[in-house]
Amino acid sequence: MASSATHHPLFTSSLKLPSPTNPISKHYLLNPKKLQSFYLFKKPHFHRFSASPSAVATDPSTAVDKNLAEDAPPVEKVVLPTNESSNKLLRIRHTCAHVMAMAVQKVFPDAKVTIGPWIEHGFYYDFDIESLTDKDLKKIKKEMDRIIGRNLPLVREEVTRDEAQKRIAAINEPYKMEILESIKTEPITIYHIGNEWWDLCAGPHVETTGNINRRAVQLESVAGAYWRGDVNKPMLQRIYGTAWETEEQLNAYLHFKEEAKRRDHRRLGQDLDLFSIQDDAGGGLSVLASKVAVVRNIIEDLVEKRIPRGSRYESILYSTLCKAKDLWEY
Ligand SMILES: [Zn+2]
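Each chain carries its own residue numbering, running from 1 in the direction its sequence is written. In view of the model being predicted, local features appear only for residues whose pLDDT reaches at least 70, and side-chain atom pairs are presented and counted only at 80 or more, with totals across whole chains, interfaces and linings using the full set of residues.

Draft legend 1. Seen up close, the packing of helix α8 (residues 161–171) against helix α9 (residues 174–182). Axis separation between α8 and α9 bottoms out at 9 Å; the angle between their running directions is 165°. Judged on the interaxial angle alone, α9 and α8 are roughly antiparallel. Pair α8 / α9 crosses with left-handed handedness. Between α8 and α9, the contacting residues are Ala164, Gln165 and Ile168 on the first element and Lys176, Met177 and Leu180 on the second. Under the scheme applied, nonpolar residues are Ala, Val, Leu, Ile, Met, Phe, Trp, Tyr, Cys and Pro; charged residues are Asp, Glu, Lys and Arg; polar residues are all the others, including Gly. In the contact of α8 with α9, the residues fall into four nonpolar, one polar and one charged. With axes taken as lines fitted to C-alpha atoms, and helix axes fitted only over the stretch in contact, angles between N-to-C directions fall between 0 and 180 degrees. Helix and strand assignments come from DSSP, with helices taken as H or I runs of at least 4 residues and strands as E runs of at least 2, each series counted from the N terminus. These descriptions rest on fixed angle ranges, namely under 35 degrees for roughly parallel, over 145 for roughly antiparallel, 65 to 115 for roughly perpendicular, and the rest for oblique. Each crossing gets its handedness from the near helix: less than a right angle anticlockwise from the far helix is left-handed, clockwise is right-handed. The contact criterion used is a C-beta to C-beta distance within 7 Å, with each C-beta placed from the backbone.

This is the structure:
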């Protein structure tokens, strides 16, 4: 942030606001430098108030606002690899998706498989299956651990389109058939796990399931997801997992994820009674508490009076959104 802004008269004037008892509200409301970055010029420092999962995973040192981290216990720094920085990690995550799908079909033989890519911190896979619970996830993870422990090889096979169709028909996997139709090139590649489960896939994977450290894998959550993201298509169950090269990396990721949750401005703001989020207004729309509205009005008033016209800072207008038109009709 430019030093000229820091020394602007606005920020040396004494705001006669009550002393905050909570250190977090101090940072939000009274630190002039914070006001500068938070209110006036939302650009570079705005995101420091929320620790996004991506920041957590790629660079723990930027995971949390340093001012907010003062009270946190010291944490040993672990620089986590990413899918881009570690091909090994990417292969582990991709293989985990298949291992999980195999495990799901062992635990729930009627489940139909769809797709399962690697993602930023792990992997997911969508299944056509009854609603799953946390208890089900535990069973699935246990089965995954068994598959990993058996050190089964991942074997690539190339087949013709006709052969792939025949094999998919034989195991009655309608979603897989649809995926096959969307693959335009031949040959079709199949990956086997041992000789008891296979999936359509282009790779890459680890050589054997034993290359996955089962203590570095965790199933995180399950959520509904429409097939192909289309509300007119069946609702599937998406299981999210996280996977790392080592247990140490997993623990570091879980720690930073927990810290990010603790600092989540959506929760903090409501806990501190700074704003509320009301379903009637819309899930992502915050309604400022009256005490915050007072501060905002003071700041707006000061900005209007003290920032010289023609300076590098310009006022902007913003829209007030609401999800339902009829809320404005009272
Ligand atoms: Zn694969």
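Draft legend 2. Molecular detail of the environment of His205. Looking at where His205 falls in the secondary structure, it is placed in the loop between β6 (197–200) and β7 (217–226). Judged by the 25 C-beta atoms lying within 10 Å of it, His205 is buried. Sequence separation of His205 and Arg91 is 114 residues, and the distance between their C-alpha atoms is 4.4 Å. Not counting residues within four places of it along the chain, the set of residues in contact with His205 comprises Arg91, His94, Thr95, Leu154 and Tyr191. Partly exposed residues are those whose C-beta has more than 12 but fewer than 20 other C-beta atoms within 10 Å; with 20 or more the residue is buried, with 12 or fewer it is exposed, and the C-beta atoms are placed from the backbone.

Draft legend 3. Inspection of the sheet that holds β6 at higher detail. Pairing is antiparallel across the open sheet formed by three strands, whose spatial order is β4-β5-β6. Every other strand in the sheet has two partners, leaving β4 (154–159) and β6 as the edge strands with one partner each. Averaged over neighbouring strand pairs, the angle between their axes works out to 30° when direction is ignored. Two strands are said to pair when DSSP picks up at least two bridges between them. In terms of strand pairing, β4 meets strand β5 (residues 188–193) through six bridges, oriented antiparallel. When the sheet's bridge partners are listed, Leu154 is paired in β5 with Ile193. Strands β4, β5 and β6 of the sheet are contacted by helix α6 (residues 87–107), whose axis makes an angle of about 65° with β5.

Draft legend 4. Representation of the packing of α6 against helix α7 (residues 134–149) within the structure. Running from amino to carboxyl end, α6 crosses α7 at an angle of 115°, the nearest separation of the two axes being 8 Å. Seen along the crossing, α6 lies across α7 with a hand that is right-handed. Contacts between α6 and α7 involve Val99, Met100, Met102, Ala103, Val104, Lys106 and Val107 from the former and Lys139, Ile140, Glu143, Met144, Ile147 and Ile148 from the latter. Here the contact of α6 with α7 is composed, by residue class, of 10 nonpolar, no polar and three charged.

Geometry only, nothing functional implied.
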